[in-house]
Amino acid sequence: MKYPFGKDFKYKFTPLIDGDEVSGIPAHTAKAFVYDQQPTRSQVVAETGAIANSENEWVANAKTCEFDFSEIEDPDPDSASPLMTFFIAFKYKIDATGDDVVNILGLQLARPLGTGSVLSVGIEDVKKQYNKVESFFDPQTIIDQIETQKVLLRAELEGKGYDWAVIYNPQPLVIAIAFATLGSLFGEDATREGDRSDLLSKRFDKQSEGYLTSIRLEYDASKIKGTNVQEFRPRGAIRARR
Amino acid sequence: MTTTAEIIEVFREEIFADPSILEITDKAFDYGDVADDIASGSEAANLRYQQQINFFTFTGFRELQTGTIRGTNTVASRYRHTIEIFYYLEKGEDPGESYNKAIAAIETIDDLIRLKLGKSWDDTVDFYEFAGIQRLTLIDTDERKVRRIGHTYVGTKQI
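Owing to the predicted nature of the structure, the values given are computational and were not obtained by experimental measurement. (Residues numbered from 1 in each chain as written. Chains lettered and ligands numbered in written order. Predicted model: local features only at pLDDT ≥ 70, side-chain atom pairs only at ≥ 80, totals over all residues. Heavy atoms only, no water.)

Draft legend 1. Highlighting the overall build of chain A. When helices and strands are counted, chain A shows 6 helices and 11 strands. The burial tally for chain A puts 37% of its 242 residues in the buried class. Here the analysis covers contacts within chain A between residues at least 6 apart in sequence; of these, 64% occur between residues at least 24 apart. About 13600 Å² of surface is accessible on chain A, with carbon and sulfur atoms providing 48% of the total. (Helix = DSSP H or I, 4+ residues; strand = E, 2+ residues; numbered from the N terminus. Buried < 20%, exposed > 50% of the residue type's maximum accessible area, 1.4 Å probe, protein only. Contact = heavy atoms within 4.5 Å. Areas by Shrake-Rupley, 256 points an atom, 1.4 Å probe, with all protein chains shown as cover.)

Laid out in structure tokens, this is it:
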């Protein structure tokens with residue numbers, strides 16, 4: 001489950017032993033902490049280093065306990081990545097006379113993208129696929145071509161009935177758009193068929209095509225985001241459901 | 001005894017690191033075949049400055065000359081250090097602009113040699129002279145039309 005940056009959230013914690021819920025937990029004050037780096041057990045016990053904390057009274061014999069957290073600020077709001085992994089740790093007792101038990105779990109915090117979200121592709125994404133691209137094309141030319149490729153891909157997906165806004169996580173398209181951008185840039189740079197730019201252009205176009213054929217995207221046709229997520233391939237056969 | 005490497009180092013530090021040259025391009029190679037047979041994207045990228053083929057090459061070689069001093073039985077030797085400097089600039093969309101820029105670039109080099117290195121090229125030779133020009137030509141480099149212009153200088157060092 002993912003929790004959003006910038007919004008208060010509840011975390012429902014259920015301790016398990018070998019996959020089974022723990023019974024007979026005594027009434028006590030249990031604590032939870034959020035860390036931006038993986039903490040050590042001793043840090044959790046000492047209750048140090050957390051960026052957020054919460055406590056709640058564990059009801060006797062309850063198998064779960066809920067913790068309320070205030071919003072956690074996004075440390076990198078301009079990031080193109082939709083998720084960041086933080087850590088949540090719990091300090092509680094499963095026996096009245098025993099030591100505190102510490103559990104440390106991953107906590108996925110999400111950057112809300114919203115409907116009609118703009119797929120974020122930048123020069124750095126293109127450079128990851130070909131780090132010499134800026135030797136051949138100035139940054140504005142690269143950015144303009146990225147925008148063109150995004151428009152083209154969006155039009156293609158809409159032609160298949162998938163509005164950009166219903167794609168649950170368009171992030172896998174970043175690489176495909178980066179390759180398509182490179183393919184187009186070098187294609188325009190070629191002076192004749194078979195020269196180096198032409199060969200590079202064909203290679204990148206093929207990689208973009210191959211990537212779009214192999215990845216699966218999730219789309220959500222329902223009005224409530226996340227409740228009806230289904231998969232499709234941006235290229236290749238479309239399976240229609242009645 | 002001055003070596004070619006010593007003179008090349010002087011040119012590298014005093015001429016090709018000068019801000020007026022770096023404004024033209026930061027690509028300057030001390031070997032001559034950099035533009036021949038571009039085999040990879042890396043080599044192609046290496047020739048480019050601000051997305052255009054734009055670079056200098058500066059190479060040198062040394063010859064030993066021995067001759068008798070007139071009217072004596074004495075033989076004297078000296079080294080002739082030949083330095084060849086070429087400038088390459090992609091012809092681009094404005095042929096007139098690249099043509100004039102190429103000429104201006106090689107003249108900037110010429111001015112800097114005179115002003116910064118002086119007669120003795122920073123004490124590596126006894127004196128130097130301008131030995132020749134390779135006029136502006138159009139060549140093919142990495143599938144592009146590139147202007148090339150060159151100057152040759154000779155420095156003499158008595159030994």
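On we go.
Draft legend 2. Quick look at the side chain of B:Arg48. Here B:Arg48 shows up in strand 2 (residues 48-49). A polar contact is formed between the side chain of B:Arg48 and the side chain of B:Asp142, at a distance of 2.9 Å. Each residue touching B:Arg48, except ones within four places of it in the same chain, is listed here: A:Ser135, A:Phe136, A:Arg196, B:Lys27, B:Ile53, B:Asp142 and B:Arg144. (Polar contact = N/O pair within 3.5 Å; in protein donor to acceptor, adjacent residues only side chain to side chain.)

Draft legend 3. Helix 1 (residues 4-14) of chain B, seen in detail. Of the residues making up helix 1 of chain B, those classed as buried are B:Ile7, B:Ile8, B:Val10 and B:Phe11. Taken around the axis of helix 1 of chain B, the buried residues stretch over an arc of 155°, which confines them to a single face. (Arc of directions from axis to C-beta.)

Draft legend 4. Quick peek at a negative patch on the surface. Together, B:Asp33, B:Asp36, B:Asp37 and B:Glu43 make up a negatively charged patch on the protein surface. Checked against the element boundaries, B:Asp37 lands in the loop between strand 1 (28-29) and helix 3 (41-46). (Patch = residues over 30% accessible without salt bridge, like charges linked within 9 Å, V, L, I, M, F, W, Y side chains within 5 Å. Salt bridge = Lys/Arg side-chain N within 4 Å of Asp/Glu carboxyl O. Lys, Arg positive; Asp, Glu negative; His and termini not counted. Charge placed at Lys NZ, Arg CZ, Asp CG, Glu CD.)

Draft legend 5. Highlighting helix 5 (residues 173-189) of chain A. Given a rise of 1.5 Å per residue, 17 residues ought to cover 24 Å, and the 24 Å separating the end C-alpha atoms of helix 5 of chain A matches this to within 8%. In terms of burial, helix 5 of chain A is a largely internal element, 13 of the 17 residues being buried. (Expected span 1.5 Å × (residues − 1).)

Draft legend 6. Geometry of the layout of surface pockets. Residues and elements named next belong to chain B. Taken as a whole, the largest pocket spans an internal volume of roughly 530 Å³. Taken together, 25 residues form the lining of the largest pocket, with Gln50, Gln52, Leu89, Glu90 and Gly92 sitting closest to its centre. Taken together, the elements giving at least two residues each to the lining of the largest pocket come down to strand 2, strand 3 (52-68), strand 4 (75-90) and helix 4 (95-117). Per-element accounting of the lining of the largest pocket gives the leading share, 6 residues, to helix 4. Its residues assigned to classes, the lining of the largest pocket shows 8 nonpolar, 7 polar and 10 charged. (1 Å grid on protein atoms, 1.4 Å probe; cavity = no way out; pocket = protein on both sides within 12 Å on 5 of 7 lines; lining within 4 Å. Points joined across faces, edges and corners; volume = space filled by probe spheres on them. Nonpolar A, V, L, I, M, F, W, Y, C, P; charged D, E, K, R; others polar.)

Draft legend 7. Fine view of unusual backbone geometry. All names here are of chain B. With phi around 50°, Gln50 is a residue other than glycine that occupies positive phi space. The topology assignment puts Gln50 in the loop between strand 2 and strand 3. At Gln51, a residue that is not glycine, the phi angle is positive and equals roughly 65°. Here Gln51 is to be found in the loop between strand 2 and strand 3. Residue classification places Gln51 among the partly exposed residues on the basis of a relative accessible area of 27%.

Draft legend 8. Examining the nonpolar core more closely. Ranked by size, the top nonpolar core spans 40 residues in total, and within it A:Tyr130, A:Val133, A:Ile142, A:Phe186 and B:Phe55 carry the most contacts. For this core, the secondary-structure elements that each account for two or more residues are helix 2 (123-129), helix 3 (133-136), helix 4 (139-159), helix 5 and helix 6 (196-214) of chain A together with helix 3, strand 3 and strand 4 of chain B. Among the elements that line this core, the one with the most residues is helix 5 of chain A, at 9 residues. In this structure, A:Tyr130 is in contact with A:Phe136, A:Leu182, A:Phe186, A:Leu200, A:Phe204 and B:Gly41, ignoring residues within four places of it in sequence. One finds B:Ile8, B:Phe56, B:Leu136 and B:Ile149 within the second-largest nonpolar core, a separate group that totals 26 residues. (Core = buried A, V, L, I, M, F, W, Y, C linked by side-chain atoms within 4.5 Å.)

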